[in-house]
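Spelled out from the first residue to the last, the chains are:
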Amino acid sequence: MLVKAGWRSVRRARTILFAAVLAAALVGVATPGAANAGATRGASAVDCPTNALCVYDGINYTGARLPIGSFGGGVCVSLVEHGWGGRVESVFNAHSNHAAMFMNDHCSGGPYGVPGGTGIPDLGSFSPLSVWVP
């Protein structure tokens, strides 16, 4: 099942995207598991549909998977509302654009970026409660 969010959150998503881009430009986007940055895998090595952000309940892109996409324009998706709050151990972005994870629900707080075509195989103690997908 691919979770798709509609146009109801487009204006809010654009505001969040602007804030995320501004924060990235000013201070750089922090990435959880930065020590594992060399362990990210290319799109061909991970089971994630094209143009989706996939979250996994196991490290190294294993276990149950929740692929998340949008109908365009970007959208915030609550992991809590989909039963994934506190479950995410790794993440892969199979989209060409950046996605972001947030420690709080409803994409609030500082974003943790996931560049397009990359992933974070072990989030360590970081536990996202929402994600922004392009």
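Small disclaimer: the values here were computed from a predicted structure and weren't measured. (Residues numbered from 1 in each chain as written. Predicted model: local features only at pLDDT ≥ 70, side-chain atom pairs only at ≥ 80, totals over all residues. Heavy atoms only, no water.)

**Section: the state of the cysteines**
The following threshold applies: Cysteine sulfurs are considered disulfide-paired once they come within 2.5 Å of each other. Under the DSSP-based scheme used, a helix requires at least four consecutive residues in state H or I and a strand at least two consecutive residues in state E, with every element numbered from the N terminus.
Scanning all chains against the criterion turns up two disulfides. Paired through a disulfide, C48 and C54 show a sulfur-sulfur distance of 2.1 Å. Taking the sign of the S-S torsion, 90 degrees for the link of C48 and C54, the bridge is right-handed. Between C76 and C107 runs a disulfide, and the two sulfur atoms are separated by 2.2 Å. On the S-S bond that ties C76 to C107, the torsion sits near 100 degrees, and the link is right-handed. Highlighted residues: C76 in strand 4 (residues 75-78) and C107 in the loop between strand 6 (99-102) and strand 7 (112-114), separated in sequence by 31 residues.

**Comments concerning the pattern of salt bridges**
Under the convention used in this document: Salt bridges are identified by distance alone: a Lys or Arg side-chain nitrogen within 4 Å of an Asp or Glu carboxyl oxygen. Classification of residues uses two cut-offs on accessible area relative to the type maximum, computed with a 1.4 Å probe and protein chains only: under 20% is buried, over 50% is exposed, and between them is partly exposed.
Evaluation of the coordinates by the stated rule reveals two salt bridges. Note that R65 and D47 form a salt bridge whose closest N and O atoms lie 3.1 Å from each other. Within this pair, whereas R65 is found in strand 3 (residues 62-70), its partner D47 is found in the loop between helix 1 (10-27) and strand 2 (53-58), the two being separated by 18 residues in sequence. Residue R65 is classed as partly exposed on the basis of its relative accessible area, which comes to 33%. In this structure, the salt-bridge partner of R87 is D57, at a minimum N-O distance of 3.2 Å. Placement of the pair is R87 in the loop between strand 4 and strand 5 (90-93) and D57 in strand 2, with a sequence separation of 30 residues. What makes R87 partly exposed here is its relative accessible area of 31%. Its relative accessible area of 30% is what places D57 among the partly exposed residues.

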